[in-house]
Amino acid sequence: MLHLIGELSPVVHPKNWELIRVPVRKVDDQYIVYVADGFHRIYTDETLPDVLKSKFAMILASEEGFVRDARIIKMTLYTNHFSPELDEVGWRASETYFCLVLDRLTLESLKGGTL
């Protein structure tokens, strides 16, 4: 299915420059985490790092709405339109796209493959 997203990569948080908004796409049992320009890591439920699991748990516990994948654009993905409480955690932008807010150290760990 064609999406209006295009290439994805981490983006600095607009309110806290020590935090990074990291796009993630969950397809079936895989999590595609876009950790740098042109670079992503793929995890499963078993291999997903605990820090990401806890963020997903908080996001999924909120009952905020999201758009269909066919209607998502980059601005929608990177912007928290849902809940101020999730601003430094992350949010669900669509059916399969999420934006996780990570500190720089965590993101660097994901780039290296260890956490």
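Note that the structure is predicted; figures quoted are calculated from it, not measured.

Draft legend 1. Representation of helix α1 (residues 50–61) in the model. Given a rise of 1.5 Å per residue, twelve residues ought to cover 16 Å, and the 16 Å separating the end C-alpha atoms of α1 matches this to within 8%. Tucked inside the fold, the buried residues of α1 contact β2 (19–27), β3 (30–36), β5 (90–92), β6 (97–103) and α3 (104–112).

Draft legend 2. Expanded view of the environment of Leu60. Mapped onto the fold, Leu60 is located in helix α1. For the pair formed by Leu60 and Trp91, sequence separation is 31 residues and the distance between their alpha carbons is 8.3 Å. In this structure, Leu60 is in contact with Arg92 and Phe98, ignoring residues within four places of it in sequence.

Draft legend 3. Just the pattern of salt bridges, in detail. Tallying each qualifying case throughout the model produces three salt bridges. Ionic pairing is found between Asp87 and Lys15, a salt bridge with its closest N-O pair at 3.6 Å. Residue Asp87 is found in the loop between α2 (74–78) and β5, and its partner Lys15 is found in the loop between β1 (11–12) and β2; the two are separated by 72 residues along the sequence. For Asp87, a relative accessible area of 16% gives the class buried. Classification of Lys15 by relative accessible area gives exposed; the value is 68%. In this structure, Asp69 and Arg25 form a salt bridge, with 4.0 Å as the shortest nitrogen-oxygen distance. One end of the pair, Asp69, is in the loop between α1 and α2; the other, Arg25, is in strand β2, and 44 residues separate them in sequence. Here Asp69 matches Arg25 in class, with each residue buried.

Procedures and definitions
Residues numbered from 1 in each chain as written. Predicted model: local features only at pLDDT ≥ 70, side-chain atom pairs only at ≥ 80, totals over all residues. Heavy atoms only, no water. Helix = DSSP H or I, 4+ residues; strand = E, 2+ residues; numbered from the N terminus. Expected span 1.5 Å × (residues − 1). Contact = heavy atoms within 4.5 Å. Salt bridge = Lys/Arg side-chain N within 4 Å of Asp/Glu carboxyl O. Buried < 20%, exposed > 50% of the residue type's maximum accessible area, 1.4 Å probe, protein only.

Shape descriptors only; they carry no functional weight alone.
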